[in-house]
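Here are the chains, one letter per residue:
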Amino acid sequence: MRNLLTAVLAIVSLGLFSCQKEVTDVFAGSGNSGGSSDGLLTKITAKTGSDSTEMLFSYNSSKKLVSLVTNMVSSGTTTTVSERAERNAQGIIQRVIYKSDSYQQLGLDSAVAVIKYVGGRYTTEVTEFDVGGIIFSDSIALSYDGAGKVIKEEEYFVLLGSADPVGKTEYTYSGNNLATIKTYSWDGSAFNLEITDTYDKYDNKVNPMYFGNEAFVFGSPFFYSTNNPVKSSQSDGTTTLDFTTSYNYNSSNKPVTAQSVTQPGGEVQTGNYYYQ
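On a predicted model such as this, the values are computed, not experimentally measured, just so you know.

Participant: Help me get a handle on the overall build of the protein, residues and values and all.
Facilitator: The helix and strand inventory of the protein stands at 4 helices and 16 strands. Looking at the protein alone, contacts between residues at least 24 apart form 42% of all its contacts between residues at least 6 apart. Element-wise, carbon and sulfur atoms account for 49% of the exposed surface of the protein, whose accessible area totals about 12200 Å².

Participant: An account of the side chain of Glu154 is needed here, citing residue identities and associated values.
Facilitator: One can find Glu154 in strand β9 (residues 150-159). Given the relative accessible area of 19%, Glu154 is considered buried.

Participant: So what's going on with the environment of Asn204? Which residues, and what values?
Facilitator: By the secondary structure assignment, Asn204 is in the loop between β12 (191-202) and α4 (214-217). Accessibility expressed as a relative area gives 66% for Asn204, which makes it exposed. Note: C-alpha distance between Asn204 and Pro229 (25 residues apart in sequence) is 9.5 Å.

Participant: Summarise the environment of Arg84; cite the residues concerned and give the values.
Facilitator: Along the chain, Arg84 turns up in strand β4 (residues 77-87). Taking the relative accessible area as the measure of exposure, Arg84 reaches 43% and is therefore partly exposed. Arg84 sits 28 residues away from Val112 along the chain, and the two C-alpha atoms are 9.6 Å apart. Not counting chain neighbours up to four residues away, the residues in contact with Arg84 comprise Val66, Ser67, Arg95, Val96 and Ile97. A polar contact of 3.5 Å, which involves the side chain of Arg84, links it to the side chain of Glu86.

Participant: Run through the pattern of salt bridges, naming residues and quoting values.
Facilitator: Tallied over the full model, the rule gives 6 salt bridges. Close ionic contact of Asp109 with Lys99 constitutes a salt bridge, the shortest N to O distance being 3.7 Å. Of this pair, Asp109 sits in the loop between α3 (101-105) and β6 (111-118) while Lys99 is found in strand β5 (residues 93-100), placing the two residues 10 residues apart along the sequence. One salt bridge connects Lys168 with Glu170, and the closest N-O pair in it is separated by 3.2 Å. You can call Lys168 buried: its relative accessible area is 17%. On the basis of relative accessible area, Glu170 is assigned to the partly exposed category, the value being 24%. Members of the salt-bridge network, linked through shared partners, are Arg84, Glu86 and Arg95.

Procedures and definitions
Here the residue numbers are simple positions, counted from 1 along each chain's written sequence. In keeping with the model being predicted, local features are shown solely for residues with a pLDDT of at least 70 and side-chain atom pairs are shown and tallied solely at 80 or more, while totals for entire chains, interfaces and linings include all residues. Side-chain metrics rest on all non-hydrogen atoms present in the structure, leaving aside hydrogens and water. In DSSP terms, a helix is any run of H or I states spanning at least four residues, a strand is any run of E spanning at least two, and both are numbered starting from the N terminus. Contact criterion: two residues are considered in contact whenever any of their non-hydrogen atoms come within 4.5 Å of each other. Only the protein chains shown count as covering a residue, and every accessible area follows the Shrake-Rupley method with a 1.4 Å probe. Here the term buried applies to any residue with accessible area under 20% of the maximum for its type, exposed to any over 50%, and partly exposed to those in between, with areas from a 1.4 Å probe on protein chains only. N or O atoms closer than or at 3.5 Å make up a polar contact, with two conditions inside protein: a donor-capable atom paired with an acceptor-capable one, and, for residues adjacent in sequence, both atoms drawn from side chains. Throughout this description, the term salt bridge denotes a Lys or Arg side-chain nitrogen within 4 Å of a carboxyl oxygen of Asp or Glu.

So this is what it looks like as structure tokens:
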């Protein structure tokens, strides 16, 4: 739903956790009782060696997510991405304002994505850019199954009224949790499978980052699942990485700490969650 966020997630995955799936593992289940254990998630910190990532969550009076800020430090370089959602009186997201270091490099203070909501579902997100008088947009279309779950995202680059495919992502589910994420690129004539993320096993505890289908509006599908992944893998068709994650929980069955181990290699990542 935003080329920028996709790029930033790639930075996170390559720089901090070696792959996107690992980001999912730690972010979807680490925690710290830095506040009321029954409260809302306000912060996640994750660390691998000298690299670190911090995610900050803010909510409105109805306890709906309105702001997500991600601060990443990798090899001494800091990257910050912020997303701020504007909701109507019914709580439906209508716009998302993005700010990032990447935008500033293009001479832009921010970018605004307009969200379309039809029949109880988010259907499209269009982000328009004006760079040196050249206007183009990044457009995302969501497709749903009969149960109301997002099964596909299609991304387009729009210039001078012409929409060209960029890529697509396909999702499958096991109950209320994601089962697979398949990411495809477009080579001009066909879609090519690039990455397959597979979630083999979840715990039966509460994922404090559960935001339902709004996860896709925030560009974070791993915020969809109601439970926390404990075994998962990522494959690019040549190399497969396996992840095993363990948690400690508070009395509300929410994770308070997490440790994820990657094989091959045995790299260890740790995380903490904070609640208000």
